[in-house]
Amino acid sequence: NAGVTQTPKFQVLKTGQSMTLQCAQDMNHEYMSWYRQDPGMGLRLIHYSVGAGITDQGEVPNGYNVSRSTTEDFPLRLLSAAPSQTSVYFCASTQGTGELFFGEGSRLTVL
Amino acid sequence: GQQVMQIPQYQHVQEGEDFTTYCNSSTTLSNIQWYKQRPGGHPVFLIQLVKSGEVKKQKRLTFQFGEAKKNSSLHITATQTTDVGTYFCAGPAGNQFYFGTGTSLTVIP
């Protein structure tokens, strides 16, 4: 009964490095999304997907790429990390506009 | 674009006191959801309200959706230390969910 699984839980990068945050769900949800959480700013949507092969931008997409080759997986790529991308990242999935199921989060620090 | 504001940003209460957080959207919402995030944890779904003027209760928690479907509130009666955390409202607009900025609740024993 895994739900939404995110890896890694913690990561430290140097400016300019690239990395991928992994997200997988086993609930057969069509909708998957990535949020970043910064103090005092709530959860801001980065990218989302309504199904395999379909992705779209949210409120703060710059500096991030996504792909959705399968229903289960929705990786988030940072192409060239910047200190402004230091944040906690959450992946979430749902079916329709119902309850969002969140992963445990990935805490990223960019030096 | 869509904006969801939430007040207050922080609230400190003595254990046993009541607590209320308010959520206001710039546009009409099809539904409103509430989430709780414990310190160091991830947001966990509490409830969804769909109908105009709807009121739902979960033990000491009362959720209300405004008549115009643009605002909502969460009221906790007689807070306990287990209520500590940040409470978020969220509303869908198209294929996007917009979250409020959250209210961080501290309960002083």
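Throughout this document, residue positions are counted from 1 along each chain, in the order its sequence is written. Here chains are named by letter from A upward and ligands by number from 1 upward, in the order in which they appear as written. Only residues with pLDDT of at least 70 are given local features in this predicted model, and only at 80 or more are side-chain atom pairs given and counted; all residues enter the totals for whole chains, interfaces and linings. Processing note: side-chain calculations cover all non-hydrogen atoms of the structure and skip hydrogens and water entirely.

**Remarks on the confidence of the model for chain A**
As a per-residue measure, pLDDT tells how confident the predictor is, with possible values from 0 to 100. Averaged over every residue, the pLDDT of chain A is 95; the share at 70 or more is 99%. Looking over chain A, one finds the lowest element-wise mean pLDDT in strand 5 (residues 43–51) of chain A, namely 95, and the highest in strand 3 (residues 19–25) of chain A, namely 98. Elements are defined by DSSP. Helices are runs of H or I of four residues or more, strands are runs of E of two residues or more, and each kind is numbered from the N terminus.

**Description of the state of the cysteines**
All names here are of chain A. A pair of cysteine sulfur atoms is labelled a disulfide when the two atoms are within 2.5 Å. Here the structure, examined in full by the defined rule, presents 2 disulfides over all chains. Paired through a disulfide, Cys23 and Cys91 show a sulfur-sulfur distance of 1.9 Å. Linking Cys23 and Cys91, the disulfide has an S-S dihedral of approximately -75° and is accordingly described as left-handed. Remark: Cys91 occurs in strand 9 (residues 87–94) and Cys23 occurs in strand 3; sequence separation between them is 68 residues.

**Re the layout of surface pockets**
Cavities and pockets were defined on a 1 Å grid built from protein atoms only: a cavity is a group of points that admits a 1.4 Å probe but offers it no way out, a pocket is an open group of points flanked by protein on both sides within 12 Å along at least five of seven lines, and a lining residue is one with an atom within 4 Å of any such point. Grid points are joined across faces, edges and corners, and a volume is the space filled by probe spheres set on the points. The calculated volume of the largest pocket comes to roughly 650 Å³. The wall of the largest pocket is formed by 35 residues, among which A:Gln37, A:Val88, A:Arg107, B:Gln37 and B:Gly40 lie closest to the centre. Residue composition of the lining of the largest pocket, grouped by class: 11 nonpolar, 19 polar and 5 charged. Following the grouping adopted for this structure description, the nonpolar residues are Ala, Val, Leu, Ile, Met, Phe, Trp, Tyr, Cys and Pro, the charged ones are Asp, Glu, Lys and Arg, and the polar ones are all others, Gly among them.

**Section: unusual backbone geometry**
Most peptide bonds are trans, and most residues other than glycine sit at a negative phi. At the junction of A:Thr7 and A:Pro8, the peptide bond is cis and its omega measures out at -5° in the coordinates. Omega for the peptide link from B:Ile7 to B:Pro8 comes to -5°, which places this bond in the cis form. Assignment of secondary structure puts B:Pro8 in the loop between strand 1 (4–7) and strand 2 (10–14). One non-glycine residue, A:Asn28, lies in positive phi territory at about 60°. Structurally, A:Asn28 can be placed in the loop between strand 3 and strand 4 (31–37). At B:Ala78, a position not held by glycine, the phi torsion is positive, near 50°. Mapped onto the secondary structure, B:Ala78 falls in the loop between strand 8 (71–76) and strand 9 (85–93).

**Looking at the sheet that holds strand 3 of chain A**
Residue and element names in this part refer to chain A. Note: two strands are recorded as paired if DSSP finds a minimum of 2 bridges between them. Ordered by their spatial adjacency, 4 strands build an open sheet running 1-3-8-7, and the pairing between neighbours is antiparallel. At either end of the open sheet lies a strand with only one pairing partner, and these are strand 1 (4–7) and strand 7 (64–66). Neighbour-to-neighbour, the strand axes of the sheet open up by a mean angle of 20°, direction not taken into account. Alignment of strand 1 against strand 3, held across 4 bridges, turns out to be antiparallel. Bridge pairing in strand 3 places Thr5 opposite Ala24. In this analysis an axis means a line fitted to C-alpha atoms, helices contributing only their contacting stretch, and an angle means the value between N-to-C directions, from 0 to 180 degrees.

**Topic: the interface of chain B and chain A**
Should any heavy atoms of two residues lie within 4.5 Å, those residues are considered in contact. Taken together, the contact between chain B and chain A spans 19 residues of the former and 23 residues of the latter. Within this document, salt bridges are pairs made up of a side-chain nitrogen of Lys or Arg and a carboxyl oxygen of Asp or Glu, the two lying within 4 Å of each other. Applying the counting criterion to the chain B and chain A interface returns 0 salt bridges. In protein, a polar contact requires one atom able to donate a hydrogen and another able to accept it; more generally it is a pair of N or O atoms within 3.5 Å, and residues adjacent in sequence count only if both atoms are side-chain atoms. Applying the counting rule to chain B against chain A returns 4 residue pairs in polar contact (both at pLDDT 80 or more). For the side of chain B that touches chain A, the secondary structure elements donating two or more residues are strand 4 (32–37), strand 5 (44–49), strand 9 and strand 10 (96–99) of chain B. Here the side of chain B that touches chain A takes 4 residues from strand 10 of chain B, the largest share from any one element. Here the residues of the side of chain B that touches chain A are counted per class, giving 8 nonpolar, 11 polar and no charged.

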